[in-house]
Amino acid sequence: MTNIRVAPDVAALARQAADTIQDVANTAISQTRQFSIALSGGSTPKTLFDLLAAEYKQKIDWANSHIFWSDERCVPPDDADSNYKVARETLLDHVPLPASNVYRIKGELDPAEGAGQYEETLRTYFHDQLPRFDIILLGMGDDGHTASLFPGTEALTEMERWVVPNHVATAKQTWRITFTVPVINNAANVMVLVAGSDKATRLKQVIQGAYMPNELPSQLIKPTDGILIWAVDHAAASLL
Ligand code: 6PG
């Protein structure tokens, strides 16, 4: 099932996303006493992270929440480009979350080693079953990439491994570590946060255009037994 939810602005987008995370967390914890979420990187989630830190300390049972990342840049955890660093500084350091519930991707390691270690982390947490996250957060780049699944890259067609290194020529010739499509599409909920008019053309192509997943990797995101939420602001949705 796919929902397209349009919020008037970034603040309202963050509010809607925070409420969705609260609902999914409360349901998961009432059913299994634990909640698993994978965070995305980039700039769009910052407003959400700030809001969660400011107003959701008591509304979410952080003690039973387990925090993962859907992708990471291959940099140390204190690097300005680190997705972990952004989330730690804007959210994780401000909520009552046990350090043992935070599973960061080790971007400082050799990319293949970092990806391999993170797959082992997922195997341990999900007891060797294909991970089924309660919710995975994603973004979308203006080139149509999501997580670190960039157009024309090797990771797009990986169907066996859960986490892979991915060399991205278009992102400053860097290595990334990313969830693969099977992991993302096995989630109970996937929420893609997209904001800004610079994303409007690409978003229309991804949602309403021809199916071209090698050029528009965000089109690969179709949960097999879950909900896909396009959480977008008015500016990004202006051409839909
Ligand atoms: C990353 C992300 C990436 C991001 C998009 C959108 O590590 O960069 O996980 O997939 O979500 O690039 O980024 P913005 O939110 O900055 O537009």
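Here is what the cut-offs are and how they apply
Residues numbered from 1 in each chain as written. Predicted model: local features only at pLDDT ≥ 70, side-chain atom pairs only at ≥ 80, totals over all residues. Heavy atoms only, no water. Helix = DSSP H or I, 4+ residues; strand = E, 2+ residues; numbered from the N terminus. Rg over C-alpha atoms; globule rule 2.2 N^0.38 Å. Contact = heavy atoms within 4.5 Å. Areas by Shrake-Rupley, 256 points an atom, 1.4 Å probe, with all protein chains shown as cover. Lys, Arg positive; Asp, Glu negative; His and termini not counted. Charge placed at Lys NZ, Arg CZ, Asp CG, Glu CD. Axes fitted to C-alpha atoms, helices over the stretch in contact; angles between N-to-C directions. Nonpolar A, V, L, I, M, F, W, Y, C, P; charged D, E, K, R; others polar. Buried < 20%, exposed > 50% of the residue type's maximum accessible area, 1.4 Å probe, protein only. Core = buried A, V, L, I, M, F, W, Y, C linked by side-chain atoms within 4.5 Å. Polar contact = N/O pair within 3.5 Å; in protein donor to acceptor, adjacent residues only side chain to side chain. Pairing = 2+ DSSP bridges. Right-handed = clockwise from strand over helix to strand, strands pointing away.

(A) Just the overall build of the chain, in detail. Of regular secondary structure, the chain possesses six helices and nine strands. For 240 residues, the compact-globule formula gives about 18 Å, and the C-alpha radius of gyration of the chain, at 16 Å, lands near that figure. On the principal axes, the C-alpha backbone points of the chain span a range of 45 × 40 × 35 Å. For the chain, long-range pairs separated by at least 24 residues make up 75% of all intrachain contacts whose partners lie at least 6 apart in sequence. Accessible surface for the chain amounts to roughly 10300 Å². Of this, 51% is attributable to carbon and sulfur atoms. For the chain, the centre of its 20 positive side-chain charges and the centre of its 29 negative side-chain charges are spaced 3 Å apart.

(B) Looking closely at the packing of helix H2 (residues 45-55) against helix H3 (residues 83-90). One can describe the packing of H2 onto H3 by two numbers: an axis separation of 8 Å at closest approach and a directional angle of 35°. Contact residues: Lys46, Phe49, Asp50 and Ala53 in H2; Val86, Ala87 and Thr90 in H3. Per-class residue counts for the contact of H2 with H3 are four nonpolar, one polar and two charged.

(C) Looking closely at H2. Those residues of H2 not exposed but buried are Pro45, Leu48, Phe49, Leu51, Leu52 and Ala53. Buried residues in H2 make contact with helix H1 (10-32), strand S2 (35-39), H3, strand S5 (135-139) and strand S8 (189-194).

(D) A look at the nonpolar core. Formed by 75 residues in total, the largest nonpolar core has its most connected members in Ile21, Leu48, Phe133 and Phe179. The biggest single contributor to this core is H1, with nine residues. Those residues in contact with Phe179 that sit more than four places away from it in its chain are Ala38, Trp69, Ser70, Tyr118, Leu122, Phe133, Ile136, Leu149, Trp162, Val163 and Ile184.

(E) The side chain of Asn189, seen in detail. Inspection of the secondary structure assignment puts Asn189 in strand S8. Here the side chain of Asn189 touches Asp134 through a polar contact of 2.9 Å, landing on its backbone oxygen.

(F) Quick peek at the pairing of strand S3 (residues 65-69). Here S3 lies mainly inside the structure; five of its five residues are buried. The sheet contact formed by S2 and S3 spans five bridges and is parallel. Among the inter-strand pairings, Ala38 is bridged to a residue of S3, identified as Phe68. A crossover connection joins S2 to the parallel S3 through H2; in handedness this β-α-β unit is right-handed.

(G) Focus on unusual backbone geometry. The phi angle at Asp128 is positive, at roughly 65°, despite the residue not being glycine. Of note in this structure, Ala147 is not a glycine but carries a positive phi near 45°. Among the secondary structure elements, Ala147 is positioned in the loop between S5 and strand S6 (163-168). Judged by its relative accessible area of 9%, Ala147 is buried.

(H) Seen up close, the sheet that holds strand S4 (residues 71-73). Reading across the sheet, the three strands line up as S4-S7-S6 and stay open at both edges, with antiparallel pairing between neighbours. Edge strands, defined here as strands with exactly one partner in the open sheet, are S4 and S6. Here the average twist between neighbouring strands, direction ignored, is 25°. Bridge count between S4 and strand S7 (residues 174-179): three bridges; the pairing is antiparallel. Across the sheet, residue Asp71 finds its bridge partner in S7, namely Thr178. Packing of helix H4 (residues 111-125) onto the sheet brings it into contact with S6 and S7, and relative to S6 it is tilted by some 150°.

Taken by themselves, the reported measurements are silent on function.
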